[in-house]
Amino acid sequence: MTSIHFFLVQNLGSTVRSHYYFYYHFMILLLVFMITFLVVLFKQQRRNAKWILPPGPRRLPVIGNLHQLGSDLLHVSLEKLSKQYGPLMYLQLGSIPTLVVSSAEMAKEIMKTHDLVFSNRPTLYAAKKLFYGCSDIGFATYGEYWREARKIAILELLSAKRVLSYRAVREEEVALAIELIRQSSSSFVPVNLSEILLCLLNNIVCRVAFSVKYFSVQGEGDNNSKTKFNLMLQETGNLIAGFSTADLFPWMGWIHKFDGLDTRLEKNYRQFDEFFNKVIEAHLNTSKSRKPDVEDFVDVLLRVQEDTSQSIRLTTNQMKGIIKDVFVAGTDTSAAALVWTMTELIRNPIIMKRVQEEVRTETGTKDMVEESDLHKLSYTKLVIKEALRLHPPVPLLLPRETREKCTIDGYDIPMKTTVLINAKAISTDPKYWKEPDEFRPERFLDSNIDYKGQDFELIPFGGGRRGCPGINFSAVLVELVLANLLHSFDWKLPSGMTVKQVDMNEAFGLVMHKKIPLCLVADNRK
């Protein structure tokens, strides 16, 4: 018995007898499936009866709790269910046992107390294709390769010294973006900040990774100028967001040959792969003429690849997976953080005025804010922290998976359970935050809570072994860009628009972008 598709292809359009045999085989296949399902369900119920699982809603056969997720974005639906069933909630998403974590206490149990047990990743259908068999850092399964790849990223790619070495690139690209906004704002026409910031971040990361940046091309169907690379990244984010049918029902992977997912995955994979091949080839051809003090990410990885003292020797595909991680984690998340920060500031003019006064006072008569000025901008840092609290770039942290059975808060958590940590629900929980839905940077004036992964009330970058290794790179970048936007311009809403009309809806995707682009009028100070 092969797939249903085999019978469809072989029998449809044939004679009545052919139709008869088609339905005969189909009914046999359906009967076998139902018997198998009932046997598996019976065994699972017997096993679960011996365990004390976390609370959760009742499940239906086959689909489990999928019908209870509703039409909201996944992190919103899970937060609603968690309010009813608790901060440690057990769901069955299709055939996948799933643990949903929605409190700081439970997040600490997962990411600190039992971090090693929860340090694995489920192998997601789209990630396996797009990230070279999950040979990156974010989606790689826990093991020797992941440990060594993460060590390379922390020590070689994202160390404090390496991040500092890219200072000139960041300042140069920010200056170019400010000049672009200045030219665009001369006619008092609103500028698309969402688009400009995404292009800016893309160019910075491209220069840091490859020593080149990419020109804008006309976006299809509108007048916005987008880079081809941005469109590729956006498609990657959409493809790895949520769960595919094969993730929820592993035996149904064949369906993606017909629903268009495999075609989209293959196209996105080929686009990046061809690009990476050209970049790596160019670096190999010019490696002898490159200076050690201007190494980009590809230079570093090629050097590490040739280092015989390393415990692993990176393959070319593993290098590509790591580089792609840099883009997905470094471009989209930082751009989203900046857009949401500016959105909250335009909705809160008193806070906008205060943070602008700080930036302009501390930098004096300088034309641009430099990275050496950032340590003086204490209130600016609070503004960013508050924006990350209300709008964590990845509201549902990348899923984890249990490596073995364990007990949390008196509940049994089976091995191979997918774990979803709802960072957005935690950072807006009234248990930890007074007036949690209000944008109030002052709440951090007398608080030591930070987003570096040690305070579990605020975990936009995760924590523990699986915390984001690029947090230092992202932090300085967001601060520099925001400070210069506030230093150079007075920002206003488009004519006739009020604060209440600012759309706050979130877009679907791995990263929580603003659904409607942020378009503001930039009034040049000069």
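Remember, predicted model here, so these are calculated numbers, not experimental data.

Definitions and cut-offs
Residues numbered from 1 in each chain as written. Predicted model: local features only at pLDDT ≥ 70, side-chain atom pairs only at ≥ 80, totals over all residues. Heavy atoms only, no water. Core = buried A, V, L, I, M, F, W, Y, C linked by side-chain atoms within 4.5 Å. Buried < 20%, exposed > 50% of the residue type's maximum accessible area, 1.4 Å probe, protein only. Contact = heavy atoms within 4.5 Å. Helix = DSSP H or I, 4+ residues; strand = E, 2+ residues; numbered from the N terminus. Expected span 1.5 Å × (residues − 1). Pairing = 2+ DSSP bridges. Axes fitted to C-alpha atoms, helices over the stretch in contact; angles between N-to-C directions. pLDDT = per-residue confidence, 0-100. UniProt positions renumbered as here; feature names shortened; annotations may be inferred. Parallel < 35°, antiparallel > 145°, perpendicular 65-115°, else oblique. Left-handed = near helix turned anticlockwise from the far one by under 90°. Nonpolar A, V, L, I, M, F, W, Y, C, P; charged D, E, K, R; others polar. Phe/Tyr/Trp six-rings, centres within 6.5 Å; stacked < 30°, edge-to-face > 60°. Lys NZ or Arg CZ within 6 Å of the ring centre and 35° of its normal. Salt bridge = Lys/Arg side-chain N within 4 Å of Asp/Glu carboxyl O. 1 Å grid on protein atoms, 1.4 Å probe; cavity = no way out; pocket = protein on both sides within 12 Å on 5 of 7 lines; lining within 4 Å. Points joined across faces, edges and corners; volume = space filled by probe spheres on them.

**Overview of the nonpolar core**
If you look at the biggest cluster of nonpolar residues, it comprises 138 residues, and the most contacted ones within it are Phe-210, Met-342, Leu-345, Ile-421 and Trp-491. If near-sequence neighbours (up to four positions away) are discounted, Met-342 is found in contact with Leu-193, Leu-482, Leu-485, Leu-486, Trp-491, Leu-518 and Leu-520. The next biggest cluster of nonpolar side chains, apart from the first, holds 12 residues, and it includes Leu-78, Leu-91, Val-100 and Leu-420.

**As for helix H3 (residues 74-85)**
The end-to-end C-alpha separation of H3 is 16 Å, in line with the 16 Å expected for 12 residues at 1.5 Å each. Those residues of H3 that are buried are in contact with strand S1 (88-93), strand S2 (96-101), strand S9 (418-421) and helix H17 (423-427). In the stretch just after H3, Gly-86 is the one whose phi turns positive, near 110°.

**Quick word on the sheet that holds strand S6 (residues 400-401)**
What the 4 strands build is an open sheet, ordered S1-S2-S9-S6; its pairing is mixed. Single-partner strands in this sheet number two, and they are S1 and S6. Along the sheet, H3 makes contact with S1, S2 and S9, crossing S1 at roughly 125°.

**Quick word on the confidence of the model for the protein**
Model confidence for the protein is summarised by a mean pLDDT of 87, while 86% of its residues fall at 70 or above. Of all secondary-structure elements in the protein, the lowest mean pLDDT belongs to helix H1 (residues 4-11), at 35, while S9 reaches the highest, 98. Segment residues 1-22: pLDDT under 50, and 18 contacts once partners within four positions in sequence are set aside and those in other chains are kept.

**Digging into the UniProt feature "binding site: heme" (unreviewed entry) in the protein**
When the UniProt feature table is mapped to this numbering, "binding site: heme" (unreviewed entry) covers Cys-468. Note that Cys-468 resides in the loop between H17 and helix H18 (471-488). For Cys-468, a relative accessible area of 29% gives the class partly exposed.

**Observations regarding the packing of helix H10 (residues 228-239) against helix H12 (residues 261-286)**
Between H10 and H12, the least distance of the axes is 10 Å, while the angle of their chain directions is 140°. In this view, H10 runs oblique relative to H12, as classed from their interaxial angle. Handedness of the crossing formed by H10 with H12: left-handed. On H12, the residues touching Phe-229, Met-232, Leu-233, Glu-235, Thr-236, Asn-238 and Leu-239 of H10 are Leu-261, Arg-264, Leu-265, Asn-268, Gln-271, Phe-272 and Phe-275. Its residues assigned to classes, the contact of H10 with H12 shows 8 nonpolar, 4 polar and 2 charged.

**Regarding the packing of aromatic side chains**
Overall, the coordinates contain 14 aromatic pairs when judged by the stated rule. For the pair Phe-210 and Phe-275, a centre-to-centre distance of 5.1 Å together with 70° between the ring planes defines the contact as edge-to-face. Of this pair, Phe-210 sits in helix H9 (residues 193-210) while Phe-275 sits in helix H12, and the two are 65 residues apart along the sequence. Like Phe-210, the residue Phe-275 is buried in the burial classification. Measuring from centroid to centroid gives 5.8 Å for Phe-275 and Phe-276, while their planes differ by 55°, and the two rings are tilted. Of the aromatic side chains, those joined through ring pairs into one cluster are Phe-210, Phe-272, Phe-275, Phe-276 and Phe-327. Above the plane of the ring of Tyr-269 lies Lys-129, whose end atom (NZ or CZ) is 4.4 Å from the centre. Between the NZ or CZ atom of Lys-324 and the centre of the ring of Phe-131, over which it lies, the distance is 5.5 Å.

**What to know about the pairing of strand S10 (residues 489-492)**
Side chains Phe-489 and Trp-491 project from S10 onto a buried face, and the interleaved Asp-490 and Lys-492 project onto a face without burial. The pairing of S10 with strand S11 (residues 519-524) spans 4 bridges and is antiparallel. Following the sheet pairing, Lys-492 is matched in S11 by Val-521.

**So, the environment of Pro-469**
Locating Pro-469 in the fold gives a position in the loop between H17 and H18. Note: C-alpha distance between Pro-469 and Ala-329 (140 residues apart in sequence) is 9.7 Å. When sequence neighbours within four positions are dropped, the list of residues in contact with Pro-469 reads Arg-150, Ile-154 and Leu-158.

**Here we look at the pairing of S9**
Residues of S9 alternate between two faces, with Thr-418 and Leu-420 on one and Val-419 and Ile-421 on the opposite face, all of them buried. Relative to S9, S2 runs parallel, the two being bridged by 4 bridges. When the sheet's bridge partners are listed, Thr-98 is paired in S9 with Thr-418. Of the pairings in the sheet, the one linking S6 to S9 comprises 2 bridges and is antiparallel in character.

**Details of the pattern of salt bridges**
Counted under the stated rule, the structure contains 34 salt bridges. Residue Glu-156 is joined to Arg-303 by a salt bridge in which the shortest nitrogen-to-oxygen separation is 3.1 Å. A residue pair is termed long-range when its members are at least 10 positions apart, and Glu-156 in helix H6 (residues 144-157) and Arg-303 in helix H13 (residues 297-306) qualify at 147 residues. The partly exposed category is assigned to Arg-303, whose relative accessible area is 36%. With a shortest N-O distance of 2.6 Å, Arg-270 and Glu-266 are connected by a salt bridge. Taken as a pair, Arg-270 and Glu-266 lie in helix H12 at a separation of 4 residues, close to a single helical turn. On the basis of relative accessible area, Arg-270 is assigned to the partly exposed category, the value being 40%. Connected through salt bridges with shared partners, the residues Glu-156, Arg-162, Glu-295 and Arg-303 form a single ionic network.

**Comments concerning empty space enclosed by the protein**
Taken as a whole and assessed by the stated rule, the structure comprises 2 cavities of 30 Å³ or more. In this structure, the largest cavity spans a volume of roughly 700 Å³. What lines the largest cavity is a set of 37 residues, and nearest its centre among them are Gly-138, Ala-329, Leu-398, Cys-468 and Pro-469. Contributing elements (two or more residues each) for the lining of the largest cavity: H6, helix H14 (316-347) and H18. If one sorts the elements of the lining of the largest cavity by residue count, H14 sits on top with 7 residues. Residue composition of the lining of the largest cavity, by class: 23 nonpolar, 8 polar and 6 charged. Here the second largest cavity defines a volume of roughly 80 Å³. As for the second largest cavity, its lining consists of Thr-333, Ala-337, Ile-384, Leu-388, Pro-393, Tyr-451, Phe-461, Ile-471, Ser-474, Ala-475, Val-478 and Glu-479. Taken together, the elements giving at least two residues each to the lining of the second largest cavity come down to H14, helix H16 (378-390) and H18.

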